[in-house]
Structures are given as structure tokens and as C-alpha cells.
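Reading the structure
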Amino acid sequence: MVQLTLRPVRTAAPADDDQLAELDRSTWSTLHAVLPKPAPPYEPFFGERYPPEDFLVVEADAETEGGAARIAGYIRLVPPTPLAANAHVRQIRGLAVATWARGAGVGRILVRAACAEARRQGANRITLRVLAHNDPARALYASEGFAVEGVLPGEFFLNGRYVDDVCMGRALGPA
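Per chain, residue numbering runs from 1 following the sequence as it is written. Side-chain atom pairs in this predicted model are given and counted only at pLDDT of 80 or more, local residue features only at pLDDT of at least 70, and totals for whole chains, interfaces and linings cover all residues. Excluding hydrogens and water, the side-chain figures rest on all heavy atoms present in the structure.

Turning our eyes to something else, we now look at the overall build of the protein chain. Helix and strand definitions here come from DSSP, where helices need a minimum of 4 consecutive H or I residues and strands a minimum of 2 consecutive E residues; each element is numbered from the N-terminal end. Helix and strand counts for the protein chain stand at three helices and eight strands. Overall, the protein chain shows an N-to-C arrangement of helices and strands of β-β-α-β-β-β-α-β-α-β-β. In terms of overall dimensions, the protein chain is globule-like: its C-alpha atoms have a radius of gyration of 16 Å, near the 16 Å expected for 175 residues. If you line up the protein chain on its principal axes, its C-alpha atoms span 45 × 45 × 35 Å. We take the radius of gyration over the C-alpha atoms and set the globule estimate at 2.2 Å times the residue count to the 0.38 power.

Right under this line is the structure:
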């Protein structure tokens, strides 16, 4: 297992844009991405649909670079719709862990932080969607109490084959 000194999870800030954009590009993979691989010119990471307050980040103190902290991963947490009827639900819509930080528990820390933040926001349920062939992500979510609640067969056509979209969710107990 990778040994990193992780800082507490925090909400992203506008100043994180460049690091998060680089993290997003460097972790792009058909294992989890349904959009084409990013190509220059790159758009800013944050925008009207993707404000900093939707993202939780965890930093690791780097032993190089004079001990400067680097973002090791992020998770995006949003209401699934603007409807009052499901304001009690939050949805994970993105999770990325830097290659150099994998194996240190960053993904698990972020999933737990997203659940805690969802509870803090008043949610009592959290959901997500994950590609069926993304076994590492599915195992992480299952180990954190998420259950498969539905499958959309052949929802995406990626790399010449149809891929199922798996809907997962879990109840959130009290904080």
C-alpha cells in the first residue's frame, strides 16, 4: 500500500482549477469515462455546470516539491435533479484518484466524505452510476454499503462494444 500523508478532505476552491483539470486529464480511461478523451484546447475544469462547491478534494503532502500539497483525488457530489421531490438525495457524479496516490485509500476517504457531506446537506440517500466493467469502483462502492439498484443494459457504446450502466445507492444513517 502507498504511504502518503493525507490532509483532511475539503471543498474545492477556484484556485484548484489547474490541478483538478490535470488530474482529470491524467486519469481519463475507458474504464470509467463515457466522454471522448480530452484534447487541447482544454476547457477550464470549473464552469457554470461544475462549480467548485460541488467537489470535495483530498490533498497529500508531497515529499518532493518542498513539501507542497498536491491534490490526490476528488469526488463530485450533487443533487440528482432540481426537483423538490428528491431533494433528500445526493448523487456522486465523478471520482478520480491520481495515479501516484492509488492504493493509499484516497477513493475510500472521498466516498466516506461524500456520504458525510450528503448527510450534512440533509440528504438521507446517496446514489451513483458506474460502468459495469469498472470492477475496482464497483468493489469500492459495495464495500462502503452501496448496492446495485438497477442496470441499464448496453447503455453506452465504448471501444467497439456495448457497456452496461450500473445504478447503485444506499441509505445514509445519521451523522
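With that settled, the discussion passes to the pairing of strand β7 (residues 147-158). Sheet topology places β7 next to strand β8 (residues 161-171); eight bridges connect them, and they run antiparallel. Within the sheet, the bridge partner assigned to Ala147 lies in β8 and is Gly169. If DSSP finds at least two bridges between two strands, the strands pair. Joining the antiparallel neighbours β7 and β8 is a turn of two residues, in which Asn159 adopts a positive phi near 50 degrees.

Right, let's talk about the environment of Leu35 for a bit. Among the secondary structure elements, Leu35 is positioned in the loop between α1 (17-26) and β3 (55-61). For Leu35, a relative accessible area of 62% translates into the label exposed. Partly exposed describes any residue whose relative accessible area lies between the buried limit of under 20% and the exposed limit of over 50%, with all areas from a 1.4 Å probe on protein chains only and scaled to the type maximum.

Throughout this description, the term salt bridge denotes a Lys or Arg side-chain nitrogen within 4 Å of a carboxyl oxygen of Asp or Glu. In the structure shown here, the tally under the stated rule is nine salt bridges. One salt bridge in this structure joins Asp61 and Arg7, with 2.6 Å as the shortest N-O distance. Separated by 54 residues along the polypeptide, Asp61 in strand β3 and Arg7 in the loop between β1 (5-6) and β2 (10-11) bring together distant segments of the chain. The class of Asp61 is partly exposed, set by a relative accessible area of 27%. A relative accessible area of 36% means that Arg7 is categorised as partly exposed. Here Arg25 ties to Glu22 by a salt bridge, and the two come within 3.4 Å at their closest N and O atoms. Pair noted here: Arg25 and Glu22 are both in helix α1, with a separation of three residues, about one helical turn. Via salt bridges that share partners, Arg10, Asp16 and Glu59 belong to a single interconnected network.

Here the bond from Pro40 into Pro41 is cis, since omega is -5 degrees, no more than 30 degrees from zero. The topology assignment puts Pro41 in the loop between α1 and β3.

Moving on, we get to the packing of aromatic side chains. Here the distance between the centres and the angle between the planes together describe a pair of aromatic rings. For Phe, Tyr and Trp, rings pair up if their centres lie within 6.5 Å, where Trp contributes its six-membered ring, and each pair is then called stacked (planes under 30 degrees apart), edge-to-face (over 60) or tilted (otherwise). Enumeration over the complete set of coordinates arrives at seven aromatic pairs. Pairwise contacts between aromatic rings join Phe45, Phe46, Phe55 and Tyr74 into one cluster. Positioned over the ring face of Trp100 is Arg70, at 4.0 Å from the centre of the ring. By the criterion adopted, a ring carries a charge over it if an Arg CZ or a Lys NZ lies within 6 Å of its centre and within 35 degrees of its normal.

Next up on the list: the environment of Pro14. Secondary-structure assignment places Pro14 in the loop between β2 and α1. The sequence separation of Pro14 and Arg76 amounts to 62 residues, and the corresponding C-alpha distance is 15 Å.

Nine residue types can take part in a nonpolar core, namely buried Ala, Val, Leu, Ile, Met, Phe, Trp, Tyr and Cys, and a core is a set of them joined through side-chain atoms within 4.5 Å. Core analysis: the largest hydrophobic core is formed by 40 residues, its most contacted members being Leu20, Tyr74, Ile92, Val106, Ile126, Tyr141 and Phe146. Among the elements that line this core, the one with the most residues is helix α2 (residues 106-120), at seven residues.

What follows deals with the pairing of strand β4 (residues 69-78). Burial runs high along β4: eight of the ten residues are buried. Looking at chain direction, β3 and β4 are connected through seven bridges and run antiparallel. Among the inter-strand pairings, Glu59 is bridged to a residue of β4, identified as Ile71. In this structure, β4 lies alongside strand β5 (residues 89-97), joined through five bridges in antiparallel fashion. The partner of Ile75 across the bridge, within β5, is Leu95.

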